[in-house]
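Topology and contacts: notes
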Amino acid sequence: MTFIHELDTPALLLDYEKLKENIAEVASFAREVGVQVRPHIKTHKSIKIAQMQLEAGATGITVAKMEEAEVMAIAGIQDILIAYPISSTYKINKIINLLERGIRVKVAVDQEQQLTYLQQALCHTDHLLEVWIKVDSGLRRCGVQPGKEAVQLAKYIMNLSHIRLGGIFTHAGHSYGAKSKLDIKKIGHDEAKAVVESAEDCEKEGIPIKVRSVGSTPTYQTAGKVKGITEIRPGNAAFIDAIQVGLGVTNIERCALTVLSSVVGVYPDRIVFDAGSKSLCLDKGAHGNETVTGYGVVKDIEGITMERLSEEHGVGTFHQSLLLKLNDKVQIIPNHACTVANMFEEYVIHRNGHVIGKWKVDARGKAR
C-alpha cells in the first residue's frame, strides 16, 4: 500500500471521501428544494467524477468547451449543455456530429447572428438542435439583458426550422467579487430573478420555457431556492478551494483538492516548495476581488504565506518558528481548483493518507 507522503512531487491529490461528501451535499440540496442538477465539469474535467455526479442524481452535465463535450460524449454521457457561445463552422460541425451520435446536446445562444449560423448549417440535416438563451444577470460577459431582449431572441428562435428553445440560463460569476455573504445572497436572488422573470415574460408571449437554470457555487444555495428555478449548475462545489473559503461559502475542511509539494529550500526568511505557478496557478480571486492571502494555503501548518510563485518554485514566508526541513512534504490547498486541475494529467485519489487509485484529468488542456 502506498501512502501519499511516499509520492513524488508535485502531485495532484484528491480526497475521495471529501469529494463524495461535496457531491452529496449538492445532490441533497437539489432534492430538498426540488430542482435538477447539471454540474459544470470544467472544474474537474474527469469522466469518473462526472459519472459520480450522475450517479448522485445529476440529469446531465455542463461544459465550457466543445472538446469537453466530445470527451464526455465518448465516455457515454448523453445530456450535455455547452454553456459557451458557438458560431464557427468548425464547432458547429462538431455539434452536428454529436447530434448524429444521439447526444442530447444543448447550446448557449445570445445573438441572432449566431442562431443564423446554426440554422444555416442544420438545415442541411435532419437534426433539431436545442438552444438555451443566456441572460446577463450582472457579470457583463455574455448574455442578453433579462426581459425584453430575452423575449426578442426567443421570438427569433421560434421562427427557425431546425432549432428549438429549451431553456433560459445565467451564470452569476460576479459573485466571486462579492464583499460579504450578504452580497452573495443578493447576487443569488438577482441571478434567479433575471432567469425567472425572463422566462415568465416569454410565456406571456406564448413561448414555453421548460428549463430555468442558475449556476455559480457561491450562489446556488440562494438562487436554487427561488420559486420558478428548475436547475442548478455548480462546478467548483465538487472540490471547494481557498477562494470559496475566502468568500465564506464553506469551511476549509471541505477542500478535497490539494497539491502535494516538497520543501526544496529552507532559509532564514523564507521556505521554498517545488510547486510554482505551473502547479498552483496565479489566481488570488476573480472579478475584482482578492479573497485569499497568497497563492495557496498550506494545510495543517499555520504561519506560512505562499507569498510568490515562479514557474517551478513556491516561496513561502513565515512569522514563527517552523519545524519543516528539506524534503518534508506538505499539502497546499489551491486558491482556484479549476485552473489547478487543468495543469495536471492525473488525480492521485486517496483516503486517510492511503493512495487508492489514479484518475485521468480526461479533458485537460484542450484548445478551443
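Coordinates for the structure precede this section.
This structure is a prediction, so every number in the text was calculated from the model and none was measured.

Conventions we followed
Residues numbered from 1 in each chain as written. Predicted model: local features only at pLDDT ≥ 70, side-chain atom pairs only at ≥ 80, totals over all residues. Heavy atoms only, no water. 1 Å grid on protein atoms, 1.4 Å probe; cavity = no way out; pocket = protein on both sides within 12 Å on 5 of 7 lines; lining within 4 Å. Points joined across faces, edges and corners; volume = space filled by probe spheres on them. Helix = DSSP H or I, 4+ residues; strand = E, 2+ residues; numbered from the N terminus. Nonpolar A, V, L, I, M, F, W, Y, C, P; charged D, E, K, R; others polar. Phe/Tyr/Trp six-rings, centres within 6.5 Å; stacked < 30°, edge-to-face > 60°. Buried < 20%, exposed > 50% of the residue type's maximum accessible area, 1.4 Å probe, protein only. Lys NZ or Arg CZ within 6 Å of the ring centre and 35° of its normal. Core = buried A, V, L, I, M, F, W, Y, C linked by side-chain atoms within 4.5 Å. Contact = heavy atoms within 4.5 Å.

1. Concerning the layout of surface pockets
- As a volume, the largest pocket reaches approximately 770 Å³.
- Contributing to the lining of the largest pocket are 34 residues, with His 40, Lys 42, Arg 141, His 171 and His 336 lying nearest its centre.
- Of all elements in the fold, only strand 12 (285-286) and helix 11 (337-341) reach the threshold of two or more residues within the lining of the largest pocket.
- In the lining of the largest pocket, the residues fall into 10 nonpolar, 14 polar and 10 charged.
- Of the pockets and cavities examined, the second largest pocket occupies roughly 310 Å³.
- As for the second largest pocket, its lining consists of 15 residues, and the residues nearest its centre are Thr 217, Pro 218, Gln 221, Gly 248 and Val 249.
- Within the lining of the second largest pocket, the residues separate by chemical class into 6 nonpolar, 5 polar and 4 charged.

2. Looking at the packing of aromatic side chains
- Per the counting criterion, the structure on display carries 4 aromatic pairs.
- Their ring planes at 85° and their centres at 6.2 Å tell us that Tyr 16 and Trp 359 sit as a pair that is edge-to-face. Placement of Tyr 16 in helix 1 (residues 16-33) and of Trp 359 in strand 19 (residues 354-360) is noted, with a sequence separation of 343 residues between them.
- Among the residues examined, Trp 359 registers a relative accessible area of 13% and is labelled buried.
- Across the ring face of Tyr 267, the terminal group of Arg 270 is positioned such that the distance to the ring centre comes to 4.2 Å.

3. Brief notes about the nonpolar core
- One finds Met 72, Ile 80, Ile 95, Leu 129, Ile 133, Ile 157 and Ile 232 to be the most contacted residues of the largest nonpolar core, which totals 61 residues.
- For this core, the element with the most residues is helix 7 (residues 181-204), which contributes 6 residues.
- In this view, Ile 232 contacts Val 26, Phe 29, Ala 30, Val 35, Gln 36, Val 37, Arg 38, Val 214, Tyr 220 and Gly 224; residues no more than four positions away in its chain are not counted.
- Counting 35 residues, the second largest nonpolar core, distinct from the first, contains Leu 19, Ala 337, Val 340 and Phe 344.

4. Some points on empty space enclosed by the protein
- With the rule as written, the count across this model stands at 3 cavities of 30 Å³ or more.
- In this model, the largest cavity occupies a volume close to 110 Å³.
- Every residue along the wall of the largest cavity is listed here: Ile 23, Val 26, Ala 27, Val 37, Pro 39, Gln 53, Ala 56, Gly 57, Ala 58, Pro 234, Ala 237 and Ala 238.
- Tallying contributions element by element places helix 1 first for the lining of the largest cavity, with 3 residues.
- In terms of residue class, the lining of the largest cavity is built from 10 nonpolar, 2 polar and no charged.
- As a volume, the second largest cavity reaches approximately 40 Å³.
- Lining the second largest cavity, in full, are Ala 83, Tyr 84, Pro 85, Ala 108, Val 109, Asp 110, Lys 134 and Cys 142.

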